[in-house]
Amino acid sequence: MAYADDIVLIINNQDELDIVNEHLKNYEKASGAKLNQHKTEAVWFGNPNNKVPLAIKDQAKTTILGLEFSHTCSYNDNWSAKEREVIEELSKWENKNTTYKLRILIIKTFVLSKLMFLTNIFPPQAHTIKRLNKLLVNFIWGTTREVAKRELLFKSRKGGGLGAMDVPLKLLITFCKTIAAGVQRNAVWVGHRSRWEKKKGRARNNIPYYVLAYSDFRAKHGHLPINWVADSNKKIYKIISNDLYGGYVLYKGLQAEHYGTCVRNIFTRDMAESKRDIMWLVSVGRLAVRAVVKWSCFVKTKCCPVDGCQQDETIDHLLLECPRARDVWARIKDIGLDVEVNRNTVMFGIFVVEDQMYAGLA
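## Let's talk about the overall build of the protein
Of the regular secondary structure elements, the protein holds 13 helices and six strands. Radius of gyration (C-alpha) of the protein: 29 Å, far over the 21 Å computed for a compact globule of 362 residues. Seen through its principal axes, the protein has C-alpha atoms that stretch 95 × 45 × 40 Å. The buried share among the 362 residues of the protein stands at 40%. Counting only carbon and sulfur atoms, one obtains 53% of the accessible surface of the protein, whose full area is about 21800 Å². The averaged location of the 38 negative side-chain charges in the protein is 3 Å from the averaged location of its 54 positive side-chain charges.

## Structural notes on the packing of helix α4 (residues 126-141) against helix α6 (residues 167-184)
Relative orientation of the contacting elements α4 and α6 amounts to 135°, with a least axis distance of 9 Å. In terms of axis orientation, α4 runs oblique to α6. Listed contacts from α6 to Ile129, Leu132, Asn133 and Leu136 of α4 are Val167, Pro168, Leu171 and Leu172. For the contact of α4 with α6, the class distribution of residues is seven nonpolar, one polar and no charged.

## Here we look at the side chain of Lys199
The topology assignment puts Lys199 in the loop between α6 and α7 (209-220). Not counting residues within four places of it along the chain, the set of residues in contact with Lys199 comprises Ser194, Arg204, Leu212 and Ser215.

## Brief notes about the pattern of salt bridges
Considering all chains together, one arrives at 18 salt bridges under this definition. Between Glu89 and Lys92 there is a salt bridge, with the nearest N and O atoms lying 3.4 Å from each other. Look at Lys92 and you get partly exposed, because its relative accessible area is 48%. Here Arg150 makes a salt bridge to Glu146, at a shortest N to O gap of 2.6 Å. The exposure class assigned to Arg150 is partly exposed, which follows from its relative accessible area of 28%. Salt bridges sharing partners connect three or more residues here, namely Lys61, Glu68 and Asp77.

## Examining the packing of aromatic side chains
Each aromatic ring pair is characterised by the separation of its centres together with the angle its planes make. Within the structure shown, the criterion is met by 15 aromatic pairs. Both rings, one in Phe154 and one in Tyr245, keep their centres 5.5 Å apart while their planes meet at 45°; by these two values the pair is tilted. Pair noted here: Phe154 is in helix α5 (residues 150-154) and Tyr245 is in helix α8 (residues 233-245), with a separation of 91 residues, a long-range link. The class for Phe154 is buried, based on a relative accessible area of 9%.

## Re the side chain of Arg103
Within the element layout of this structure, Arg103 appears in helix α3 (residues 100-121). Salt bridges are absent for the buried Arg103, whose nearest opposite-charge side chain, Asp277, sits at 6.4 Å. With sequence-adjacent residues up to four places away left out, Arg103 is seen in contact with Thr98, Phe139, Ile140, Trp141 and Gly142.

## A few points about the nonpolar core
One finds Trp141, Val167, Trp228, Ile240, Tyr251 and Trp280 to be the most contacted residues of the largest nonpolar core, which totals 78 residues. Looking at this core, the element that brings in the most residues is α6, giving 10 residues. When residues no more than four places from it in sequence are discounted, the contact partners of Trp141 are Tyr100, Arg103, Glu146, Val147, Ala148, Leu153, Leu162 and Trp280.

## Topic: the pairing of strand β4 (residues 67-70)
Bridging between strand β3 (residues 61-64) and β4 involves four bridges; their strand directions are antiparallel. From the neighbouring strand, Thr63 faces β4, where its bridge partner is Glu68. Between β3 and β4, which follow one another and run antiparallel, lie two residues, and Leu65 among them has a positive phi close to 55°.

## Remarks on the layout of surface pockets
A water-sized probe rolled over the atoms picks out the places where empty space is left. Of the volumes computed, that of the second largest pocket is approximately 710 Å³. Forming the boundary of the second largest pocket are 20 residues, of which Lys108, Ser156, Arg157, Gly163 and Tyr237 lie nearest the centre. When contributions to the lining of the second largest pocket are tallied by element, the ones reaching two or more residues are α3 and α8. Along the lines of polarity and charge, the residues of the lining of the second largest pocket split into eight nonpolar, five polar and seven charged.

So, how was this worked out
- Residues numbered from 1 in each chain as written.
- Predicted model: local features only at pLDDT ≥ 70, side-chain atom pairs only at ≥ 80, totals over all residues.
- Heavy atoms only, no water.
- Helix = DSSP H or I, 4+ residues; strand = E, 2+ residues; numbered from the N terminus.
- Rg over C-alpha atoms; globule rule 2.2 N^0.38 Å.
- Buried < 20%, exposed > 50% of the residue type's maximum accessible area, 1.4 Å probe, protein only.
- Areas by Shrake-Rupley, 256 points an atom, 1.4 Å probe, with all protein chains shown as cover.
- Lys, Arg positive; Asp, Glu negative; His and termini not counted.
- Charge placed at Lys NZ, Arg CZ, Asp CG, Glu CD.
- Axes fitted to C-alpha atoms, helices over the stretch in contact; angles between N-to-C directions.
- Parallel < 35°, antiparallel > 145°, perpendicular 65-115°, else oblique.
- Contact = heavy atoms within 4.5 Å.
- Nonpolar A, V, L, I, M, F, W, Y, C, P; charged D, E, K, R; others polar.
- Salt bridge = Lys/Arg side-chain N within 4 Å of Asp/Glu carboxyl O.
- Phe/Tyr/Trp six-rings, centres within 6.5 Å; stacked < 30°, edge-to-face > 60°.
- Core = buried A, V, L, I, M, F, W, Y, C linked by side-chain atoms within 4.5 Å.
- Pairing = 2+ DSSP bridges.
- 1 Å grid on protein atoms, 1.4 Å probe; cavity = no way out; pocket = protein on both sides within 12 Å on 5 of 7 lines; lining within 4 Å.
- Points joined across faces, edges and corners; volume = space filled by probe spheres on them.

Keep in mind these numbers describe shape, not what the thing actually does.
Quick look at the structure:
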């Protein structure tokens, strides 16, 4: 096994290297195999001033299990490379006609898998999380404009959100679960368990960032019923995400008793996914009408573009108050759909027919 590509030995000086070489020579005599010295390399970790000479090829960095290691910038090298991979993967889908649900699935399938291994070695720092979140959120919306609050994006579909995965949260859970398992079994690479306890004040000075990431994350969610060793990654994510993003979307102007009906209408299988996206944007008040995107350089006025209509183009105006909208609703009544047209009807799909309220589709 010591001749496999990814075997790594940690030594301090030439004497220890000589001991390793002696063992390897004995193995060569017994097996007939021979070490390829030209493919053997070393990287010094620690203070360059304390570097000792070794009779082996010296490199500034080396690759172990697909990750680059050096004594200066291993974190930046690896996360920069992964970010480029993510950008390249997402660019494959840029000009495709995809829905929000499909983009979320693309992230879960093709992006998350690229990051899970790296995060066990180098958990993402705050600046990486910020960049990664921005990149993925922009991909889901299909624009650099954040269409809705991220809380609505990460909230489950059962609560009226889009059910997107909070990828940085998932990555931190993965890292903390790995460390928790090592701490429980007193793994040598983890060290003493007190090292991973939350630090405050000056005690945080000179503590590696990944230790603080673990202790701070565990402390932040310490009130939740989580067994970090026995519970699965999926279960822990569900518990934390429910704590952060749980409950229904607060639909403006809709009575709480009708929230569940509205959610069922939005995500009904009777509509195409693209239509569900539109209905979701309407329900949370983020459809891209002129009054909503008035900050855009492409919008010069908030006024409705219909001839003779001087009102601001809000969502309510577009779907209910505009003369063209009123004409559409009148024609629907003419063909026999006798419904009371009001804000609940057009925004949330709550219909009243002959004084009886029921859930339906607009």
